[in-house]
Amino acid sequence: MPDLHDELLPATRRALLHRVAVAQAEGRTPSFVAAVVRDGKVVWSGARSMIDDHAPTVDVQYRIGSLTKTFVAVLVLRLRDEGLLDLADPVGRHLPGTPADESTVAQLLSHASGLTAETPGPWWERTEGALRPELADILEDDRPLRHPAGRRYHYSNPGYALLGALVERLRGEPWGEVLRRELLEPLGMDRTTLLPQHPHAGGFAVHPWADVMLPEPLTDTGLMGPAGQLWSTTADLARWAAFLAHGDEKLLAAETLAEMRRPAVGPDNADWSGAYGLGLQLLRRDGRVLFGHSGSMPGFTAGLWISAEDGLAAVALSNATSGPNTPLVAADLIAITAEHEPRLPEPWRPAPSVDEELLALTGPWYWGATAHVLRLRADRGLELAPLAAGTRASRFRAEPDGTWTGLDNYYAGETLQVVRAADGSVSHLDLNSFVLTREPYGPANAVPGGIDPQGWRAF
């Protein structure tokens, strides 16, 4: 069991255990185990079981279903960051001969390829992978697409099987071995495996109208493995949540992790409650946006969510095919912890040094007649915001060439630069052709199109 850091208050721990106990009892699952992570460290774990005094520990394996997809997505994005593929590449460029040759890597990652949700033939989750020995067996030849590619979100398990095969093709070894070497070993996740290892929970179906159970088969799904094969523990998944939240530059750049959790298709309106990025689900609940993934396989359900704003993550696992809404329990554990013990803001600290030139840039600037304020951060980044309420406030990252790159909102990815006059003084700021000046529409020679020669006047 991992060390518990900065343990939660007794009232918080009681509330978390109560939520897990209700999930196990009302969801009618043989067992339920969960953990809460704060700022990358496990601060609480709890479990309930149908067997008195025999609750599972954080080291007991459960099948995690589609949480597997988050691991596959990270492997694919590592390939992209190494220059071995582009997200815009059609899959057929690297993995020719499948019915999905024209689907792009990005579309597969975000479930926007239009591919069918499931495989042809018998229910793949309850049957052995030997029934689908070739990639051609996981997609129908006559109608693999259910929607035009890139037009809408449509969840596709075969799409992730193709991504696993893509990893195998470009790495030259089975995807499970790539996963072990590139991610699991560096993160210390030695209890995450393709097949169950003792101790592990058995998977059960619980009768909908009677308190009786039926064991579910523990299958090896073969080529469909990247869609949902993995087994793991709450201890290992806590480590995975910490990685997804905070990153590890040796494994995947922070910018790439941020890219994963941006909605890739949609959402269709401002009131969205769920969306999908590049291998990560997004959930809006209790006034916060969570990212992570849900998972299910016959006999098991799982949920892992992260709230970057709260510095919290939660993992929940159960061993019943249906019953408890395990992913939403994980979301509730975040809400309970945040409500009982809200995150303390980092102390304000001054910048370690003063750059007089940058300091001189701060204060009011005007885009035309619209007043903005420019603030300097301790990391030499800038924040530009309108003084009146508006949607174009953005943060900017300092670049080595003396420019700044927008990090969010309207100006994300855009370049902000200082334009100097012939004498070296600052003339204006150029934000991707938008000109910001020190006074409204002035000086005239800096304003595109010039200004009326009579200047400001009363009519």
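Residues numbered from 1 in each chain as written. Predicted model: local features only at pLDDT ≥ 70, side-chain atom pairs only at ≥ 80, totals over all residues. Heavy atoms only, no water.

S.K.: A description of unusual backbone geometry should follow, citing residues and the corresponding values.
M.R.: In this chain, His198 is followed by Pro199 through a cis amide linkage whose omega measures -5 degrees. A cis amide bond, omega 5 degrees, links Gly442 with the succeeding residue Pro443. By the element assignment, Pro443 lies in the segment after strand S19 (434–436). Even without glycine at this site, Asn432 takes up a positive phi of about 50 degrees. In this fold, Asn432 is placed in the loop between strand S18 (426–431) and S19. (Helix = DSSP H or I, 4+ residues; strand = E, 2+ residues; numbered from the N terminus.)

S.K.: Requested: an account of the pattern of salt bridges, with residues and values cited.
M.R.: Enumeration over the complete set of coordinates arrives at 27 salt bridges. Here the residues in one salt-bridge network are Arg78, Glu82, Arg171, Glu173, Arg181 and Glu182, joined through shared partners. (Salt bridge = Lys/Arg side-chain N within 4 Å of Asp/Glu carboxyl O.)

S.K.: Describe in detail the packing of aromatic side chains, supporting the description with residues and values.
M.R.: Pairs of aromatic rings are described using the distance from one ring centre to the other and the angle between the two planes. Throughout the structure, instances matching the rule amount to 11 aromatic pairs. Between Tyr155 and Tyr276 the ring centres are 6.4 Å apart and the planes differ by 80 degrees, which places this aromatic pair in the edge-to-face class. Separated by 121 residues along the polypeptide, Tyr155 in the loop between helix H3 (105–109) and helix H4 (157–171) and Tyr276 in strand S7 (residues 274–276) bring together distant segments of the chain. With relative accessibility at 2%, the residue Tyr276 sits in the buried group. The ring of Tyr160 carries the charged tip of Lys69 above its face, separated from the ring centre by 5.9 Å. (Phe/Tyr/Trp six-rings, centres within 6.5 Å; stacked < 30°, edge-to-face > 60°. Buried < 20%, exposed > 50% of the residue type's maximum accessible area, 1.4 Å probe, protein only. Lys NZ or Arg CZ within 6 Å of the ring centre and 35° of its normal.)

S.K.: Which residues make up helix H5 (residues 175–184), and what values do they have?
M.R.: Within H5, seven of the 10 residues are buried, which leaves the element mostly enclosed by the surrounding structure. Buried within H5 we find Trp175, Gly176, Val178, Leu179, Glu182, Leu183 and Leu184. Projection of H5 onto a plane perpendicular to its axis shows the buried side chains occupying an angular sector of 155 degrees, all on one side. For H5, the secondary structure elements touched by its buried residues are helix H2 (68–81), H4, helix H6 (225–228) and helix H7 (234–246). (Arc of directions from axis to C-beta. Contact = heavy atoms within 4.5 Å.)

S.K.: Go over the side chain of Lys69, please, and point to the residues and values.
M.R.: Here Lys69 is to be found in helix H2. An unpaired buried charge is present at Lys69: no salt bridge exists, and Glu125, the closest side chain of opposite charge, is 7.1 Å distant. In this structure the side chain of Lys69 is engaged in a polar contact, spanning 2.7 Å, whose partner is the side chain of Asn157. (Lys, Arg positive; Asp, Glu negative; His and termini not counted. Polar contact = N/O pair within 3.5 Å; in protein donor to acceptor, adjacent residues only side chain to side chain.)

S.K.: Provide a residue-level description of the pairing of strand S1 (residues 31–38), including the pertinent values.
M.R.: With seven of eight residues buried, S1 is to be regarded as a mostly interior element. The pairing of S1 with strand S2 (residues 41–49) spans eight bridges and is antiparallel. When the bridges of S2 are listed, Ala35 appears paired with Ser45. The hairpin formed by S1 and S2 contains two residues between the paired strands, and Asp39 there has a positive phi angle of roughly 50 degrees. Bridge analysis of S1 against strand S11 (residues 312–318) gives seven bridges, and the strand direction is antiparallel. (Pairing = 2+ DSSP bridges.)

S.K.: Quick rundown of the packing of H4 against H5? Include the residues and the values.
M.R.: Each pair of packed helices can be summarised by the angle the axes make with each other and by the distance between the axes. H5 packs onto H4 with a crossing angle of 75 degrees between their chain directions and a minimal axis gap of 8 Å. Considering the angle they form, H4 stands roughly perpendicular to H5. Here Gly164, Val167, Glu168 and Arg171 of H4 lie close against H5, whose contacting residues are Trp175, Val178 and Glu182. In terms of residue class, the contact of H4 with H5 is built from three nonpolar, one polar and three charged. (Axes fitted to C-alpha atoms, helices over the stretch in contact; angles between N-to-C directions. Parallel < 35°, antiparallel > 145°, perpendicular 65-115°, else oblique. Nonpolar A, V, L, I, M, F, W, Y, C, P; charged D, E, K, R; others polar.)

S.K.: Please give an account of the sheet that holds S19 that cites residues and values.
M.R.: Taken together, eight strands build an open sheet; the order of strands is S12-S13-S14-S15-S16-S17-S18-S19 and the sheet is antiparallel. Both edges of this open sheet fall to strand S12 (363–367) and S19, since each of them pairs with a single strand only. Taken pair by pair, the neighbouring strands of this sheet meet at an average axis angle of 30 degrees, ignoring direction.

S.K.: If you had to explain the nonpolar core to someone new, which residues and values would you point to?
M.R.: With 70 residues, the main nonpolar core has Leu109, Trp240 and Leu244 as its most contacted residues. A per-element tally of this core places H2 first, with eight residues. For Trp240, the contacting residues outside a window of four places in its chain are Thr70, Phe71, Val74, Leu183, Leu187, Met189 and Leu304. (Core = buried A, V, L, I, M, F, W, Y, C linked by side-chain atoms within 4.5 Å.)

S.K.: Would you mind going over the packing of H2 against H7 in detail, with residue names and values included?
M.R.: At their nearest, the axes of H2 and H7 sit 12 Å apart, and the two run at 45 degrees to each other. Our classification of the angle between H2 and H7 gives oblique. Judged by the sense of rotation from one axis to the other, the crossing of H2 with H7 is left-handed. Residues Thr70, Phe71 and Val74 of H2 lie in contact with H7, whose contacting residues are Leu237, Trp240, Phe243 and Leu244. (Left-handed = near helix turned anticlockwise from the far one by under 90°.)

S.K.: Could you give an account of the sheet that holds S2, naming the residues involved and the relevant values?
M.R.: Spatial ordering of the open sheet is given by S2-S1-S11-S10-S9-S8-S7, a layout of seven strands whose pairing is antiparallel. Taken across any chain shown, the strands that pair with only one partner, and hence form the sheet edges, are S2 and S7. Between one strand axis and the next, the sheet turns through 20 degrees on average, direction left out of account. Pairing geometry for strand S8 (residues 281–285) and strand S9 (residues 288–297), over five bridges, is antiparallel. For Leu282, the partnering residue across the bridge sits in S9 and is Phe291. Contacts from H7 reach S1, S2, S9, strand S10 (300–307) and S11, with the element oriented near 35 degrees to S10.

S.K.: Provide a residue-level description of the environment of Thr405, including the pertinent values.
M.R.: By the secondary structure assignment, Thr405 is in strand S16 (residues 404–406). When the C-alpha positions of Thr405 and Asp52 are compared, they lie 58 Å apart, and in sequence the two are 353 residues distant. Setting aside residues up to four positions removed in sequence, Thr405 forms contacts with Arg395, Phe396, Arg397, Glu399, Gly413 and Glu414. Here the side chain of Thr405 touches Glu399 through a polar contact of 2.7 Å, side chain to side chain.

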